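These are the residues of each chain, in order.
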Amino acid sequence: MRIVPYAHAANGGIAIDSHGFTGVPGLYACGEATGGMHGADRIGGLASANALVFGERAGRAAAAHAAVAPDTSAEPDAPNAPFAPSREPRLGISAACAQELTALMQHTMSENCLVIRSHASLAEAARTLTNCAAELDALATPTTDTAAYARAARLRHQLAHAQAIVEAATQRTHSLGAHCYTE
């Protein structure tokens with residue numbers, strides 16, 4: 001049996017300072033999303049220390065930022081207005097359609113956005129995710145079925161998350177840890 005050193009994990013990619021600050025005002029990160037103190041070659045279990053130490057540091061820094069950031073959560077016209085349910089119809093999607101779109105989204109992210117990626121693969125992922133979102137909009141119909149509504153809402157959020165990942169990866173063209181951007 002041949003034994004050689006290798007990168008045990010390919011976690012991380014968000015560059016942070018010692019307080020978990022990402023460079024985006026109000027956005028802090030910790031844990032495996034950052035790669036942490038062990039980089040690409042951590043051994044299982046060591047991420048716990050990273051999550052605890054930098055989780056606390058990032059949490060404290062985010063709380064301090066929130067304490068001085070202006071509160072934009074209240075509407076200026078109605079600061080204490082009671083919650084009013086939306087008058088918009090709830091749109092739902094069938095389980096089969098949700099499963100098909102989820103599988104396509106997962107395949108797209110696996111093929112185009114993992115450790116080794118390129119401008120072309122990220123552009124392909126962006127196109128496919130845009131098409132998935134358009135298909136979801138086309139397939140969603142008004143419903144009173146909470147499961148159908150939940151499927152559509154979950155898929156919308158997953159697509160938005162995937163699109164944000166693709167956009168962030170497109171903007172960062174340098175390699176970090178085991179993540180490699182190729183032309």
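Up top is the structure these notes are about.
Since we're looking at a predicted model, the values are computed, not measured. (Residues numbered from 1 in each chain as written. Predicted model: local features only at pLDDT ≥ 70, side-chain atom pairs only at ≥ 80, totals over all residues. Heavy atoms only, no water.)

A. Spatial organisation of the pattern of salt bridges. For the structure on display, the rule yields two salt bridges. Of the charged contacts in the structure, one is a salt bridge between arginine 60 and glutamate 56, with a shortest N-O distance of 2.9 Å. Taken together, the positions of arginine 60 and glutamate 56, both in helix 1 (residues 47-68) and four residues apart, correspond to about one turn of that helix. Among the salt bridges present, the one from arginine 127 reaches glutamate 124, with a minimum N-O distance of 2.9 Å. Of this pair, arginine 127 and glutamate 124 both sit in helix 3 (residues 119-139), three residues apart, roughly one helical turn. (Salt bridge = Lys/Arg side-chain N within 4 Å of Asp/Glu carboxyl O. Helix = DSSP H or I, 4+ residues; strand = E, 2+ residues; numbered from the N terminus.)

B. Summary view of the packing of helix 2 (residues 95-112) against helix 3. It is at 9 Å that the axes of helix 2 and helix 3 come closest, and there the two elements cross at 170°. As the angle between them shows, helix 2 and helix 3 are arranged roughly antiparallel. The residues of helix 3 that touch helix 2, namely those facing Cys97, Glu100, Leu101, Leu104, Met105, Thr108, Met109 and Asn112, are Ser121, Leu122, Glu124, Ala125, Thr128, Leu129, Cys132, Glu135, Leu136 and Leu139. Its residues assigned to classes, the contact of helix 2 with helix 3 shows eleven nonpolar, four polar and three charged. (Axes fitted to C-alpha atoms, helices over the stretch in contact; angles between N-to-C directions. Parallel < 35°, antiparallel > 145°, perpendicular 65-115°, else oblique. Contact = heavy atoms within 4.5 Å. Nonpolar A, V, L, I, M, F, W, Y, C, P; charged D, E, K, R; others polar.)

C. View of the environment of arginine 154. With respect to the helices and strands, the residue arginine 154 is situated in helix 4 (residues 146-171). Exposure remark for arginine 154: the relative accessible area of 47% places this residue in the partly exposed category. Spatially, the C-alpha atom of arginine 154 lies 9.3 Å from that of alanine 98, the residues being 56 residues apart in sequence. (Buried < 20%, exposed > 50% of the residue type's maximum accessible area, 1.4 Å probe, protein only.)

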